[in-house]
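Coordinate inspection notes
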Amino acid sequence: MKNTFSAYHPFINLLFYIGAMVFGMILMHPAFLLCSVALAFAYYMALANQKSKYLFRMLVLFLVVAFTNPFFNHSGEKILFIYMNGRVYTLEALCYGMVLAAMFITVITWFASYNIVMTSDKFLYCFGRLLPAVSLLLTMVFRFVPAYKRQIGQIASARKCIGKSTENGTALQKAEHGMAVLSALASWAFEGGIVAADSMRSRGFGSGGRTSFSVYRWESRDRGLLFLMLVLIFGIIGCVAKGGAYAAYTPKIVLAGIDNRYTWMGVIFYGIFLSIPTVVNLAEECKWLILKSKI
Amino acid sequence: MAHFEIKDLGFEYPTSMGKPTLEGINLTIERGEYVTFCGRSGSGKTTLLRHLKSVLAPHGKLSGEILFSGKPLEDASLREQSFKIGYVMQNPDNQIVTDKVWHELAFGLESLGYDQKTIRLRVAEMASYFGIQGWFYKDVAELSGGQKQLLNLASIMAMQPEVLILDEPTSQLDPIAAADFLNTVKKINRELRTTIIITEHRLEDIFYASDKVVVLEEGRIIAADNPRKVGEFLKDEKHFMFAAMPTPVQVYYGVPNEEICPLTVREGGEWLDKIFVEKEVKVSAVDEANAFCEEDIAQPAVELKEVWFRYEKNAPDILKGVSLKVPKAELFAVVGGNGTGKSTMLKSICGICRGYRGKVWINGKRLEKYKAAELFYENLAMLPQDPQSLFVKKTVKEDLQEMLARKEQDRAEEITKVAEICEITHLLERHPYDLSGGEQQRVALAKVLLTKPKILLLDEPTKGIDNFFKLKFAEILDKLKKQGITIIMVSHDVEFCAKYADTVSMFFDGGIITTNTPHKFFSKNSFYTTAANRMSRHIFENAITNEDVIYLCQKNL
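Residues numbered from 1 in each chain as written. Chains lettered and ligands numbered in written order. Predicted model: local features only at pLDDT ≥ 70, side-chain atom pairs only at ≥ 80, totals over all residues. Heavy atoms only, no water.

1. Quick notes on the nonpolar core
All names here are of chain B. The biggest cluster of nonpolar side chains holds 76 residues, and the ones touching the most others in it are Phe130, Leu153, Leu164 and Leu166. Both domains that meet at this core, namely domain 1 (2–237) and domain 2 (297–541), each give it at least three residues. Beyond its immediate stretch of four places on either side in the chain, leucine 153 contacts Val88, Phe130, Leu164, Leu166, Phe181, Thr184, Val185 and Ile188. Judged by nonpolar contacts, the second largest core, of 58 residues, contains Leu404, Ala444, Leu445 and Phe522. (Core = buried A, V, L, I, M, F, W, Y, C linked by side-chain atoms within 4.5 Å. Buried < 20%, exposed > 50% of the residue type's maximum accessible area, 1.4 Å probe, protein only. Domains from an automatic or database assignment. Contact = heavy atoms within 4.5 Å.)

This is the structure:
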């Protein structure tokens, strides 16, 4: 599926992820958690390459976190079993563990899709205005780190062909050859740095008044989505402030009930907010289906 | 008013101890002129070019003055020089600052503080003019060398400079990318009237287009005139730079005649027509060796049989069943386009890339049977494409010493011997990075030779080397061959292979297409062949080098 959401303005992408992650980390009410787990996975699964592998890993992580929590947290009323000289394994701690685990995998999953959506240049665009010098530095780092990696490979294989491999010989020889590779890399990088500096200065770097160019444009669809997101965010905050997401697990499970209207309103706002990327993508897909069928 | 006026310029590096790098340079460059500087490495070309842009000028003792549009150059501010004088350097990689193509195009304009709208327009203009739209959003790391250098040019042109200075811009590119790049430069000169100041070894592609050719020797201008006059001057002086002239010029001066000097292959062909008009061609072919026959090789130094290789399980195959037999003590050249897998084949011979199918024999023994220590000592060695990746020490001498095991320090005389073979004795105390491309190549070769190889693999050994150094390099290879060393060379350099190789193979689409002696090989091709052959093929049967053409002309006239 084409990722339409990532084609929106970087600020929209960033605002969504800030919202999703902050709420994901503080809202512990099961209804809210259910929303975030389901929608985080729904979006990531549409983007990911290795879906089943990822799901399996997350399931394992969930189980491990959920079931080990009661071993460290002993408060709670309903005791499931007692082990090792009277330590208790309680239902409340188990529930709390499941909540923590759900939170954990949600945030990880949001991060996973964040890495796909927020590419390095979008990140820089968002923060570049605050710190222009740092943002240029980061751009260069993004370029140099992979370049250094490649060069290390090149030096190592060049040296292997003259019998100076880091793979065989005594430990001392290996270390020596490894050091030689690093020192060669250092000279190479230094030499490259001088050329890069020349190239920058020859293109007017340091002549003052640097601006920052970007390929992103703020369109009316971005304005619309921003408005919707702000309304939802304030809605969620309002409901939470009114106690709609109250949840305590130990020593006694106390939850804001479904009868509380702030709870169900909050869940609806939250659900709409988190489904934005998925809905945007699906809507685009539907639009094309309709356009195609008209031809 | 002249665009650049250099008056009695002299320059001395602080470390050069009284020996000036530039001396008495007087030169006028008009607006819109295409000026080519030539001279062997170390003649002061780069130093002179750098002085034409204050921010790049090296530190040292400067005398004389440079006027830019009638005013002293140093009076022009950093800002003014930044957008009026563009400077493209040799290394395509290191000049790039940012990680995205679009960002690189905008970099100069950002530095000068243009607003978003202006930058957007300029960037769009540049991307369209240079045909960059297709890779506008790419990471720079994904680009080929040719694309990178084109990007460097475009990102400078985005600032709309009046002068474009290019310091050996194509030395790291393959011939096709280089020709493309130089054509773009020519187009800029013709269509935008941008003044071009360029240095190059590959004079074939720019000599005829130049308005003025300036020859530098030891920091002095010895000739500055139009291309034909410079050719004549160098011939009369019997100057070594004559070896750098394009093929038609060299052939022209090898044959006594009264016509005008040809500069391109087309003119060369017409010139041959003229001198052979109403004359019978008695001798139409040079003597040549017997055709290459793979079955005749009894004990090949290297043999590959149907080797298949790919980098990853799901990646496309790079080698698709390469079979090859290399006879002992020969210079075996493999030519072919970029990205066909030539270099990968070399890597599969020395075991860096292990094929997933097929077999490799080195001196009759399976590659897998060798231990690494055995394989790379007194047996097989490879000179990588980038000689710099072999340098790890502060001086050339230390670098060479690294090759001797600790207890063998007494083998110092071996270093002396190898240094003599490679003609680098005078460079032993220098830092390897301070040497010119040709010198680095020879130092790297010396280092490789200290493993005493019987089989030497060379990956693009003539890349970035001027013709003068190529002659020397060929002499060194010849010496090694006489010692019984087998040399396998992968190259784009058709002229070099035609002149010096014993056998030439064509590599295409992951396999060897054909193998033959240079004469048989190149005289059969019509595109992938030498300039001498293209120029003379309608008259002579198998002339592939300048010497062949000159010899046949002399025989028939």
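2. Details of the sheet that holds strand E15 (residues 365–366) of chain B
Residues and elements named next belong to chain B. The strand order across the open sheet built from four strands is E12-E11-E14-E15, with neighbouring strands paired in antiparallel fashion. The strands lining the two open edges of the sheet, one partner per strand, are strand E12 (319–326) and E15. Of the strand pairs in this sheet, strand E11 (residues 302–309) and E12 are connected by six bridges, and their pairing is antiparallel. Looking across to E12, one finds that tryptophan 308 is bridged to lysine 320. (Pairing = 2+ DSSP bridges. Helix = DSSP H or I, 4+ residues; strand = E, 2+ residues; numbered from the N terminus.)

3. Some words on the packing of aromatic side chains
Tallied over the full model, the rule gives 39 aromatic pairs over all chains. Their ring planes at 20 degrees and their centres at 6.0 Å tell us that Phe205(A) and Phe107(B) sit as a pair that is stacked. Of the two residues, Phe205(A) is situated in the loop between helix H7 (171–202) and helix H8 (220–241) and Phe107(B) in helix H3 (residues 101–111); the pairing between them involves two chains. For the ring pair Phe136(B) and Tyr137(B), a centre distance of 5.3 Å and an interplane angle of 85 degrees mean the geometry is edge-to-face. Overall, the relative accessible area of 14% leaves Phe136(B) in the buried class. Using a relative accessible area of 58% as the deciding quantity, one classes Tyr137(B) as exposed. Connected via pairs of aromatic rings, a cluster forms that spans Phe5(A), Tyr8(A), Phe16(A), Tyr17(A), Phe23(A), Phe32(A), Tyr43(A), Trp110(A), Phe111(A), Tyr114(A), Tyr270(A) and Phe273(A). Sitting above the plane of the Tyr262(A) ring, Arg261(A) keeps its charged end 5.2 Å from the centroid. Between Arg40(B) and the ring centre of Phe240(B), over which it is positioned, the NZ or CZ distance is 4.9 Å. (Phe/Tyr/Trp six-rings, centres within 6.5 Å; stacked < 30°, edge-to-face > 60°. Lys NZ or Arg CZ within 6 Å of the ring centre and 35° of its normal.)

4. Structural notes on the interface of chain B and chain A
Contacts between the two partners involve 62 residues from chain B, matched on the other side by 50 residues from chain A. Counting the surface lost from both chain B and chain A, the interface buries some 4800 Å², and carbon and sulfur atoms represent 57% of this. Where chain B meets chain A, there are five salt bridges. At the surface where chain B touches chain A, the tally comes to 20 residue pairs in polar contact (both at pLDDT 80 or more). Secondary structure elements with two or more residues in the side of chain B that touches chain A: helix H2 (78–84), H3, helix H4 (116–129), helix H5 (145–157), strand E16 (380–383) and helix H14 (437–449) of chain B. The element contributing the most residues to the side of chain B that touches chain A is H3(B), with nine residues. (Buried area = accessible area lost by both parts, 1.4 Å probe. Salt bridge = Lys/Arg side-chain N within 4 Å of Asp/Glu carboxyl O. Polar contact = N/O pair within 3.5 Å; in protein donor to acceptor, adjacent residues only side chain to side chain.)

5. Side note on the confidence of the model for chain A
For residues with low pLDDT, the predicted coordinates do not support detailed interpretation. Put simply, chain A has an average pLDDT of 89, and 100% of its residues get 70 or more. Mean pLDDT values over the elements of chain A span from 81, in helix H5 (residues 120–128) of chain A, up to 95, in H8(A). (pLDDT = per-residue confidence, 0-100.)

6. Topic: the pattern of salt bridges
Per the counting criterion, the structure on display carries 28 salt bridges over all chains. A salt bridge links Glu423(B) to Lys472(B); the shortest N-O distance between them is 3.4 Å. Here Lys472(B) lies in helix H15 (residues 467–482) and Glu423(B) lies in the loop between helix H13 (412–421) and H14, a separation of 49 residues in the sequence. Using a relative accessible area of 24% as the deciding quantity, one classes Glu423(B) as partly exposed. When its relative accessible area of 21% is taken as the criterion, Lys472(B) is described as partly exposed. Linked through salt bridges whose partners overlap, the residues forming this network are Arg159(A), Asp399(B), Glu402(B) and Lys447(B).

7. Regarding the side chain of Gln151(A)
Note that Gln151(A) resides in helix H6 (residues 132–160). If we skip the residues at most four places from it in the chain, Gln151(A) touches Leu185(A), Trp188(A), Asp386(B) and Ser389(B).

8. Side note on the domain arrangement of chain B
Residues and elements named next belong to chain B. Domains assigned within chain B are domain 1 (2–237) and domain 2 (297–541). The C-alpha-based centres of domain 1 and domain 2 are spaced at 32 Å. Each side of the interface is counted separately: domain 1 has eight residues, and domain 2 has nine residues. The contact between domain 1 and domain 2 buries some 860 Å² in all, and 56% of this surface belongs to carbon and sulfur atoms. Contact with domain 2 buries surface across domain 1, with Arg40, Ser41 and His201 losing the most and accounting together for 49% of the total. For the pair domain 1 and domain 2, the interface holds two residue pairs in polar contact (both at pLDDT 80 or more). In terms of residue class, the side of domain 1 that touches domain 2 is made up of two nonpolar, four polar and two charged. (Nonpolar A, V, L, I, M, F, W, Y, C, P; charged D, E, K, R; others polar.)

9. Let's talk about the domain arrangement of chain A
Residue and element names in this part refer to chain A. Assigned domains within chain A: domain 1 (5–121 + 218–293) and domain 2 (124–202). Computed from C-alpha atoms alone, the centre-to-centre distance between domain 1 and domain 2 is 40 Å. Listed per partner, the contact involves seven residues of domain 1 and five residues of domain 2. Regarding the contact of domain 1 and domain 2, the summed buried area is about 540 Å², with carbon and sulfur atoms giving 72% of it. When the area that domain 1 buries against domain 2 is broken down by residue, the three leading residues are Phe11, Ser120 and Asp121, summing to 61%. Scanning the region where domain 1 abuts domain 2 turns up zero salt bridges. On the surface where domain 1 and domain 2 come into contact, there are one residue pair in polar contact (both at pLDDT 80 or more). Secondary-structure elements contributing two or more residues to the side of domain 1 that touches domain 2 are helix H1 (10–26) and H5. In terms of residue count, the dominant contributor to the side of domain 1 that touches domain 2 is H1 (three residues). Here the residues of the side of domain 1 that touches domain 2 are counted per class, giving four nonpolar, two polar and one charged.

10. Considering the confidence of the model for chain B
Confidence along chain B averages 89 in pLDDT terms, with 99% of residues attaining 70 or more. Both confidence scores are given for the complex: pTM 0.85, ipTM 0.86.

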